Amino acid sequence: MTAEQMADEGTERSVPPRPLDSTDRDILRILQADGRASIRSVAERVHVSRANAYARINRLIDDGVIRGFSARLDHERAGQGASAYITLKIVQNSWRTVREQLQELPGATHIALVSGDFDVLLLVHTPDNRTLRELVLTRIQSIPEVLSTRTLLVFEETDLAPGAPTPAPLDAPP
(Lines give C-alpha, C1' and ligand atoms only; values in the text may rest on other atoms or scores of the structure.)
Protein backbone atom coordinates (compact mmCIF):
# COMPACT_ATOMS: atom_id res chain seq x y z
CA MET A 1 0.00 0.00 0.00
CA THR A 2 1.38 3.37 -0.96
CA ALA A 3 1.62 6.37 1.34
CA GLU A 4 -0.97 8.07 -0.86
CA GLN A 5 -3.43 5.21 -0.33
CA MET A 6 -2.89 5.32 3.43
CA ALA A 7 -3.38 9.09 3.47
CA ASP A 8 -6.52 8.70 1.35
CA GLU A 9 -7.80 6.02 3.72
CA GLY A 10 -7.28 8.39 6.65
CA THR A 11 -9.59 11.04 5.19
CA GLU A 12 -12.57 9.08 6.49
CA ARG A 13 -11.60 10.27 9.98
CA SER A 14 -10.69 13.91 9.32
CA VAL A 15 -11.61 15.16 12.81
CA PRO A 16 -8.63 14.82 15.17
CA PRO A 17 -9.31 12.63 18.20
CA ARG A 18 -10.17 14.39 21.45
CA PRO A 19 -7.83 13.42 24.30
CA LEU A 20 -9.32 10.98 26.81
CA ASP A 21 -8.88 11.57 30.52
CA SER A 22 -8.66 8.87 33.18
CA THR A 23 -12.43 8.97 33.77
CA ASP A 24 -13.10 8.41 30.06
CA ARG A 25 -10.65 5.48 30.04
CA ASP A 26 -12.32 4.01 33.15
CA ILE A 27 -15.73 4.29 31.51
CA LEU A 28 -14.41 2.56 28.39
CA ARG A 29 -12.89 -0.23 30.46
CA ILE A 30 -16.22 -0.81 32.26
CA LEU A 31 -18.24 -0.80 29.04
CA GLN A 32 -15.80 -3.14 27.31
CA ALA A 33 -16.20 -5.60 30.16
CA ASP A 34 -19.98 -5.16 30.31
CA GLY A 35 -21.67 -3.26 27.50
CA ARG A 36 -24.96 -3.63 29.37
CA ALA A 37 -23.74 -1.74 32.45
CA SER A 38 -26.28 0.87 33.51
CA ILE A 39 -25.43 4.57 33.53
CA ARG A 40 -25.99 4.51 37.29
CA SER A 41 -23.49 1.70 37.87
CA VAL A 42 -20.91 3.30 35.54
CA ALA A 43 -21.31 6.63 37.36
CA GLU A 44 -20.90 4.99 40.76
CA ARG A 45 -17.81 3.05 39.71
CA VAL A 46 -16.02 6.10 38.24
CA HIS A 47 -17.26 8.46 40.98
CA VAL A 48 -19.16 10.95 38.81
CA SER A 49 -22.82 11.97 38.63
CA ARG A 50 -25.21 10.03 36.41
CA ALA A 51 -25.60 13.12 34.22
CA ASN A 52 -21.81 13.38 33.83
CA ALA A 53 -21.49 9.66 32.99
CA TYR A 54 -24.36 9.93 30.50
CA ALA A 55 -22.79 12.99 28.83
CA ARG A 56 -19.35 11.36 28.67
CA ILE A 57 -20.70 8.14 27.14
CA ASN A 58 -22.68 10.11 24.55
CA ARG A 59 -19.58 12.18 23.73
CA LEU A 60 -17.53 8.99 23.32
CA ILE A 61 -20.20 7.68 20.95
CA ASP A 62 -20.48 10.97 19.03
CA ASP A 63 -16.68 11.19 18.71
CA GLY A 64 -16.57 7.66 17.29
CA VAL A 65 -14.51 6.26 20.19
CA ILE A 66 -17.37 3.88 21.00
CA ARG A 67 -18.45 2.37 17.69
CA GLY A 68 -21.26 0.26 19.12
CA PHE A 69 -22.22 -2.34 21.66
CA SER A 70 -22.25 -6.06 21.03
CA ALA A 71 -22.26 -9.48 22.65
CA ARG A 72 -19.16 -11.67 22.79
CA LEU A 73 -20.04 -15.05 21.33
CA ASP A 74 -18.86 -18.58 21.78
CA HIS A 75 -18.90 -19.32 18.05
CA GLU A 76 -18.82 -23.08 18.48
CA ARG A 77 -21.85 -23.08 20.79
CA ALA A 78 -23.57 -20.75 18.29
CA GLY A 79 -23.21 -23.34 15.53
CA GLN A 80 -20.11 -21.83 13.96
CA GLY A 81 -17.62 -24.61 14.74
CA ALA A 82 -15.05 -23.85 12.04
CA SER A 83 -12.99 -20.68 12.26
CA ALA A 84 -10.13 -19.48 10.09
CA TYR A 85 -7.95 -16.52 9.38
CA ILE A 86 -7.67 -16.03 5.65
CA THR A 87 -4.86 -13.96 4.20
CA LEU A 88 -5.40 -12.33 0.83
CA LYS A 89 -3.12 -10.72 -1.70
CA ILE A 90 -5.10 -8.20 -3.70
CA VAL A 91 -4.67 -5.98 -6.74
CA GLN A 92 -3.03 -2.68 -5.81
CA ASN A 93 -5.54 0.14 -5.15
CA SER A 94 -8.48 -2.29 -4.82
CA TRP A 95 -8.87 -2.24 -1.00
CA ARG A 96 -12.24 -0.47 -0.90
CA THR A 97 -13.76 -2.70 -3.56
CA VAL A 98 -12.48 -5.88 -1.90
CA ARG A 99 -13.54 -4.70 1.56
CA GLU A 100 -17.10 -4.11 0.36
CA GLN A 101 -17.30 -7.64 -1.06
CA LEU A 102 -15.73 -9.26 2.02
CA GLN A 103 -18.19 -7.47 4.32
CA GLU A 104 -21.01 -9.31 2.53
CA LEU A 105 -19.57 -12.76 3.25
CA PRO A 106 -21.50 -14.91 5.72
CA GLY A 107 -19.44 -15.47 8.86
CA ALA A 108 -16.91 -12.68 8.23
CA THR A 109 -16.23 -11.06 11.60
CA HIS A 110 -13.04 -9.03 11.14
CA ILE A 111 -11.32 -7.52 8.11
CA ALA A 112 -7.99 -5.70 8.29
CA LEU A 113 -5.77 -4.06 5.69
CA VAL A 114 -2.25 -4.97 6.80
CA SER A 115 1.36 -4.66 5.72
CA GLY A 116 3.72 -7.53 5.08
CA ASP A 117 3.56 -10.62 2.90
CA PHE A 118 -0.18 -10.24 2.27
CA ASP A 119 -2.59 -7.33 2.07
CA VAL A 120 -5.75 -8.36 3.92
CA LEU A 121 -6.43 -10.46 7.00
CA LEU A 122 -9.96 -11.84 7.26
CA LEU A 123 -11.46 -13.77 10.20
CA VAL A 124 -14.42 -16.01 9.40
CA HIS A 125 -16.62 -18.38 11.39
CA THR A 126 -18.59 -21.07 9.55
CA PRO A 127 -20.69 -24.07 10.63
CA ASP A 128 -18.12 -26.60 9.38
CA ASN A 129 -15.03 -27.13 7.22
CA ARG A 130 -17.10 -27.89 4.10
CA THR A 131 -18.79 -24.50 4.37
CA LEU A 132 -15.42 -22.86 5.02
CA ARG A 133 -13.98 -24.55 1.93
CA GLU A 134 -16.86 -23.33 -0.22
CA LEU A 135 -16.53 -19.82 1.18
CA VAL A 136 -12.84 -19.67 0.26
CA LEU A 137 -12.94 -21.48 -3.08
CA THR A 138 -16.19 -20.13 -4.52
CA ARG A 139 -16.80 -16.77 -2.88
CA ILE A 140 -13.43 -15.25 -1.95
CA GLN A 141 -11.32 -16.61 -4.80
CA SER A 142 -13.95 -15.51 -7.32
CA ILE A 143 -13.45 -11.84 -6.39
CA PRO A 144 -11.53 -10.49 -9.41
CA GLU A 145 -9.21 -8.30 -7.32
CA VAL A 146 -8.11 -11.23 -5.11
CA LEU A 147 -4.80 -12.58 -6.43
CA SER A 148 -4.27 -15.35 -3.87
CA THR A 149 -5.46 -16.63 -0.50
CA ARG A 150 -4.05 -18.69 2.34
CA THR A 151 -6.31 -20.25 4.97
CA LEU A 152 -5.16 -20.71 8.56
CA LEU A 153 -7.52 -22.93 10.57
CA VAL A 154 -8.19 -21.87 14.14
CA PHE A 155 -7.99 -24.81 16.54
CA GLU A 156 -8.86 -22.88 19.69
CA GLU A 157 -9.76 -19.27 20.53
CA THR A 158 -9.38 -17.24 23.69
CA ASP A 159 -11.31 -13.99 24.05
CA LEU A 160 -8.96 -11.36 25.49
CA ALA A 161 -11.65 -8.71 25.84
CA PRO A 162 -11.86 -7.09 29.28
CA GLY A 163 -14.09 -9.06 31.56
CA ALA A 164 -13.64 -12.30 29.63
CA PRO A 165 -12.78 -15.39 31.66
CA THR A 166 -9.06 -16.01 31.95
CA PRO A 167 -7.99 -19.31 30.36
CA ALA A 168 -6.32 -21.96 32.49
CA PRO A 169 -2.53 -22.19 32.10
CA LEU A 170 -1.33 -24.74 29.55
CA ASP A 171 0.29 -26.85 32.24
CA ALA A 172 -2.84 -26.95 34.43
CA PRO A 173 -4.65 -30.29 34.74
CA PRO A 174 -7.92 -30.48 32.75
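Novice: Explain the overall build of the protein to me, and be specific about the residues and the numbers.
Specialist: Of regular secondary structure, the protein possesses six helices and four strands. Sequence-ordered secondary structure for the protein, helices as α and strands as β, is α-α-α-α-β-α-β-β-α-β. For the protein, the exposed surface amounts to about 12300 Å²; the carbon and sulfur share of it is 51%.

Novice: If you had to explain the pattern of salt bridges to someone new, which residues and values would you point to?
Specialist: Charged atoms that come close allow side chains of opposite charge to pair. Tallied over the full model, the rule gives eight salt bridges. We note a salt bridge from D26 to R29, for which the minimum N-O separation is 3.8 Å. Of the two residues, D26 and R29 both sit in helix α2 (residues 22–33), three residues apart, roughly one turn of that helix. Take R29: its relative accessible area is 44%, and that puts it in the partly exposed class. For the salt bridge of E44 with R40, the shortest nitrogen-to-oxygen distance reads 3.2 Å. Of the two residues, E44 and R40 are both situated in helix α3 (residues 39–46); the distance of four residues between them amounts to about one turn of the helix. On the basis of relative accessibility, which here comes to 47%, the residue E44 falls in the partly exposed class. Given the relative accessible area of 48%, R40 is considered partly exposed.

Novice: I'd like a description of the environment of N129, backed by residues and values.
Specialist: Mapped onto the elements, N129 comes out in helix α6 (residues 129–140). On a C-alpha basis, the gap between N129 and G81 in space is 8.3 Å, while along the polypeptide they are 48 residues apart. Leaving out residues up to four positions away in the same chain, N129 has contacts with A82 and L153.

Novice: Explain the side chain of T126 residue by residue, including any values.
Specialist: Along the chain, the position of T126 falls in strand β3 (residues 120–126). Classification of T126 by relative accessible area gives buried; the value is 2%. A polar contact is formed between the side chain of T126 and the backbone oxygen of D128, at a distance of 3.0 Å. Apart from residues lying up to four places away in sequence, T126 is in contact with G79, Q80, G81, A82, T131, L132 and L135.

Novice: I'd like a description of the nonpolar core, backed by residues and values.
Specialist: Residues I86, L88, I90, L102, L122, V124 and I140 are the most contacted members of the largest nonpolar core, which totals 17 residues. Those residues in contact with L88 that sit more than four places away from it in its chain are L102, F118, D119, V120, L122, I140, V146, S148 and T149. Within the second largest apolar cluster, 12 residues are counted, among which are L28, I30, V42 and A53.

Novice: Give a detailed account of α3, specifying residues and quantitative values.
Specialist: For α3, the set of buried residues is V42, A43 and V46. The buried residues of α3 all sit within an arc of 100° when viewed along its axis, so they share a single face. In this structure, the buried side of α3 is in contact with α2 and α4 (50–62). Among the residues trailing α3, H47 stands out with phi positive, at a value near 60°.

Novice: Would you mind going over the pairing of β3 in detail, with residue names and values included?
Specialist: Among the seven residues that make up β3, six are buried, leaving the element largely enclosed by the rest of the structure. Pairing geometry for strand β1 (residues 82–90) and β3, over seven bridges, is antiparallel. Along β3, the bridge assignment pairs I86 with L122.

Here is what the cut-offs are and how they apply
Residues numbered from 1 in each chain as written. Predicted model: local features only at pLDDT ≥ 70, side-chain atom pairs only at ≥ 80, totals over all residues. Heavy atoms only, no water. Helix = DSSP H or I, 4+ residues; strand = E, 2+ residues; numbered from the N terminus. Areas by Shrake-Rupley, 256 points an atom, 1.4 Å probe, with all protein chains shown as cover. Salt bridge = Lys/Arg side-chain N within 4 Å of Asp/Glu carboxyl O. Buried < 20%, exposed > 50% of the residue type's maximum accessible area, 1.4 Å probe, protein only. Contact = heavy atoms within 4.5 Å. Polar contact = N/O pair within 3.5 Å; in protein donor to acceptor, adjacent residues only side chain to side chain. Core = buried A, V, L, I, M, F, W, Y, C linked by side-chain atoms within 4.5 Å. Arc of directions from axis to C-beta. Pairing = 2+ DSSP bridges.

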